[in-house]
Amino acid sequence: MWKNNNHKKTIFLICFLALAVAVSFKPEEMTAEEASRNYVISQLDSLLINLKNADSDKSSQLINYLNSRKHYKRIEFFVEYYSPFHAKYFINGPLVPKHEIEFGNKYYKPQGFQVIEENIFGTEYNSFQTKKEFKLLDSVLTELRDYYKNVTLERANLSEAVKLQFIRIMSLNLNGYDCTLNKNNIIECVNVFEGLYNVISLYNNNTAGKKLNYLSVEQKILSCIKQLKTNTDNDSFNRLNFITKFVNPTFVSVKKFFNELNISPSQVNYALNLYNTKPFSFSEINTQHFALYRNDTLNSKLQSQLGYLLFFDPVLSGNNKRACASCHQPSKQFTDGLDKSLAIDGKTKISRNSPTLLNAAYQKLYFYDGRLFNLEEQAGEVLHNTFEMNITEKELVAKLKQSSDYKNLFKNAFKNTQDSGITFYAIMKSIAEFIRTLKTTNSRFDNYINGNFKQLSANEIKGYNLFTGKALCGSCHFFPIFNGTVPPSFNENEFEVIGTPETNQNLNVDSDIGREAISKMGIHKYAFKTPSVRNLKHTSPYMHNGVFQNLDEVLTFYNKGGGNGFGLNIHNQTLPFDSLKLSKSELNELKSFLNCLNDSTFNIKPPKILPKFGNSTLNNRKVGGLY
């Protein structure tokens, strides 16, 4: 393994540099932010030494990859916060081609740590290609190192970067999001906590940060590290116990500690409040973060009440027979129970399955292909669609203005604005505000996360650990929303190519090209937005085309390896495995976990009556639509 003394010299040099850096700066003589900068630079120095010293043989590349990852994980909180684009596209992003609509036809091939991981741990090792990836990563990180020497560090931003890392631990790090092949994520979490410990301690050493709560933070972080080291096996580690008993309590203590420093929040908009002292859970994520106008909350309650009536009113359709509730029925968890929804003619079907609207507000892109950016636009698209509601803006506004009831409702809900007289935007906004109320945060799983540890059985806990561990479901359906909205920023949605078949016989891939129709990029052929797996009990059939009737069919499909596992030859399939190799008992445990994500307490009933019109025909319309 040791072909020469270069490796020994490298290890000695790394240790010497680390000690030299530790001695060179004295926290009591500089701000905590300046000391943090020095710490980040020292870790980058060690990381870059490993990248430069990777030889062409596999053993050398493996050693230097693992050492590089260790140093990177210690400063991941910093790089992800101050260089999110570089982190995603060039350093540690998912192992798929990356593209954003604003880039036009340009897309980025996978690059960075995850490509190196695939080369070393995959089935097709290529020494030359791996060496090339080391050099590319070295170039990017060298550039960032120089940038970090001069970047302005504000206390609010740095403390928020630390806090966001705790969300990343629970939602990504523990789930193998960026090490799906070597399954080294438990050990890497140790490195993450080491980095957080080192930076937070700088605030305690700084005279402005000598607070009693630091002792609690220190003890809890060390307990996290100890707990991780007791079982480093990816498949058997109890993630749920670790999150509830260790990570979340530590996160609370860290927030209390930074609050003692009287740090004013930065101007960055987050999906959650990083300054309260509550544990992280689904209920802590703010749906307003995903709204068209984040600060437009005036009269939102009245608007959602108006949207509730509009949602069940078939007057919104061109034939006065179809309502939003026709395809999103409360009794079926706001789906319709069909493989593909009925068109407005009541005979034919539209091209895709009707997704649940429960928790639909927690995403940045809408429709299976992600073609729209907010709930307001989504509502407008459905109203315009000739196969769905088939009505124009002008027709709908004119129709609603015939009702004195609706005129009064809009006047109150949009008081003192131009929308008070009924506008198409006000219609869309009201429906969107109603959908934002469809939050289900009271499942047995949520209650468990919030401290009621009697809510889940041993099999359900095993199921969660399979979901986030061996089965790799959690690397696409992220805790705690369990959809493809990526934590901790919650500013983007992921799309996956899984090779969904046209029938449950799994003989041919479905012809729907998915996101490719929007992006015009071949890399997105058959790609669809990752949906939530909450409330699955009453939302069958599953997939964008409703091909699978029950969870057993879905789990069998994934366990086999998606479309490619059934021989469909999807060249751009993004599932990070060939076969999960889950046993029958493991599949049952996984299924039992998914079922504990159902919220049986959520119950919305249709209104008994709808606003009146002067037209007797319209007054006879059916609540929720005829079909």
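Residues numbered from 1 in each chain as written. Predicted model: local features only at pLDDT ≥ 70, side-chain atom pairs only at ≥ 80, totals over all residues. Heavy atoms only, no water.

**Describing the overall build of the chain**
- Helix and strand content of the chain: 24 helices and 2 strands.
- In terms of overall dimensions, the chain has a C-alpha envelope of 90 × 60 × 50 Å along the principal axes.
- The proportion of buried residues among the 627 residues of the chain is 58%.
- A separation threshold of at least 6 residues defines the contact pool for the chain, and within that pool the share at least 24 residues apart is 69%.
- Accessible surface, the chain as shown: approximately 26700 Å² in total, 51% of it carbon and sulfur.
- The positive charge centre, built from 73 side chains, and the negative charge centre, built from 58, are 4 Å apart in the chain. (Helix = DSSP H or I, 4+ residues; strand = E, 2+ residues; numbered from the N terminus. Buried < 20%, exposed > 50% of the residue type's maximum accessible area, 1.4 Å probe, protein only. Contact = heavy atoms within 4.5 Å. Areas by Shrake-Rupley, 256 points an atom, 1.4 Å probe, with all protein chains shown as cover. Lys, Arg positive; Asp, Glu negative; His and termini not counted. Charge placed at Lys NZ, Arg CZ, Asp CG, Glu CD.)

**Overview of the side chain of Asn 157**
- Here Asn 157 shows up in helix 8 (residues 155–171).
- Residue Asn 157 is classed as buried on the basis of its relative accessible area, which comes to 18%.
- Once you skip the residues sitting within four places of it in the chain, Asn 157 turns out to touch Tyr 81, Tyr 82, Ser 266 and Val 268.

**With respect to the packing of helix 6 (residues 113–121) against helix 7 (residues 127–148)**
- Helix 7 packs onto helix 6 with a crossing angle of 165° between their chain directions and a minimal axis gap of 9 Å. Compared by their axis directions, helix 6 and helix 7 come out roughly antiparallel. Pair helix 6 / helix 7 crosses with left-handed handedness. Contacts between helix 6 and helix 7 involve Phe 113, Val 115, Ile 116, Asn 119 and Ile 120 on the former and, on the latter, Gln 129, Thr 130, Glu 133, Phe 134 and Leu 137.
- Here the contact of helix 6 with helix 7 is composed, by residue class, of 6 nonpolar, 3 polar and 1 charged. (Axes fitted to C-alpha atoms, helices over the stretch in contact; angles between N-to-C directions. Parallel < 35°, antiparallel > 145°, perpendicular 65-115°, else oblique. Left-handed = near helix turned anticlockwise from the far one by under 90°. Nonpolar A, V, L, I, M, F, W, Y, C, P; charged D, E, K, R; others polar.)

**Examining the environment of Asn 385**
- Mapping Asn 385 onto the fold places it in the loop between helix 14 (375–384) and helix 15 (393–400).
- In this structure the C-alpha to C-alpha distance between Asn 385 and Arg 239, which are 146 residues apart in sequence, comes to 44 Å.
- Among the polar contacts listed, one links the side chain of Asn 385 to the backbone nitrogen of Phe 387, at a separation of 2.8 Å. (Polar contact = N/O pair within 3.5 Å; in protein donor to acceptor, adjacent residues only side chain to side chain.)

**Structural notes on helix 11 (residues 239–260)**
- Along its 22 residues, helix 11 runs 30 Å from first to last C-alpha, staying within 8% of the 32 Å computed at 1.5 Å per residue.
- In terms of burial, helix 11 is a largely internal element, 17 of the 22 residues being buried.
- The backbone nitrogen of Leu 240 lies 3.4 Å from a side-chain oxygen of the residue at the head of helix 11, namely Asn 238.
- Following helix 11 by one or two positions, Asn 262 has its phi on the positive side, about 55°. (Expected span 1.5 Å × (residues − 1).)

**A look at the confidence of the model for the chain**
- Of all residues in the chain, 94% attain a pLDDT of 70 or more, and the chain-wide mean is 92.
- For residues 1–27, every residue scores under 50 in pLDDT, and the model assigns this stretch 25 contacts once sequence neighbours within four places are set aside. (pLDDT = per-residue confidence, 0-100.)

**Some remarks on the environment of Phe 490**
- Examined against the element boundaries, Phe 490 turns out to sit in the loop between helix 19 (458–468) and strand 1 (495–497).
- Measuring from C-alpha to C-alpha, the distance between Phe 490 and His 289 comes to 8.6 Å, with 201 residues separating the pair along the chain.
- Once residues lying within four places of it in the same chain are set aside, the contact partners of Phe 490 are Ala 271, Leu 272, Phe 280, Ile 285, His 289, Phe 290, Lys 364, Ile 481 and Thr 485.

**What to know about the packing of aromatic side chains**
- In total, this model carries 48 aromatic pairs according to the counting rule given.
- Relative to Tyr 148, the ring of Tyr 147 lies with its centre 5.6 Å away and its plane at 50°, an arrangement referred to as tilted.
- Owing to a relative accessible area of 1%, Tyr 148 belongs among the buried residues under this scheme.
- Between Tyr 293 and Tyr 425, the aromatic rings sit 6.4 Å apart at their centres with planes inclined by 65°, giving edge-to-face as the arrangement. With a gap of 132 residues between them, Tyr 293 in the loop between helix 11 and helix 12 (300–311) and Tyr 425 in helix 17 (residues 424–436) connect regions that are remote in the sequence.
- Here the aromatic cluster, defined as three or more aromatic residues joined through ring pairs, consists of Phe 280, Phe 445, Tyr 464, Phe 467, Phe 479, Phe 482 and Phe 593.
- Sitting over the face of the ring of Tyr 275, Lys 163 holds its NZ or CZ atom 3.8 Å from the ring centroid.
- One Lys or Arg, Arg 371, reaches over the ring of Phe 367 and ends 3.8 Å from the middle of that ring. (Phe/Tyr/Trp six-rings, centres within 6.5 Å; stacked < 30°, edge-to-face > 60°. Lys NZ or Arg CZ within 6 Å of the ring centre and 35° of its normal.)

**Topic: the state of the cysteines**
- Applying the stated criterion across every chain, the model contains 0 disulfides.
- Cysteine Cys 179 is unpaired, with the sulfur of Cys 189 as its nearest cysteine sulfur at 8.0 Å.
- Owing to a relative accessible area of 1%, Cys 179 belongs among the buried residues under this scheme.
- Cys 596 takes part in no disulfide bond, and the closest cysteine sulfur, belonging to Cys 473, lies 13 Å away.
- Under the relative-accessibility criterion, Cys 596 is labelled buried at 1%. (Disulfide = S-S within 2.5 Å.)

**Considerations on unusual backbone geometry**
- Residue Pro 480 follows Phe 479 across a cis peptide bond; omega there is 0°.
- Within the secondary structure layout, Pro 480 lies in the loop between helix 19 and strand 1.
- Note that the residue after Ser 540, namely Pro 541, is joined by a cis bond; omega there is 0°.
- The residue Pro 541 is located in the loop between strand 2 (527–529) and helix 21 (551–560) in this model.
- Of note, the phi angle at Lys 183 is positive, near 50°, even though the residue is not glycine.
- One can find Lys 183 in the loop between helix 8 and helix 9 (185–205).
- Since its relative accessible area comes to 28%, Lys 183 is described here as partly exposed.

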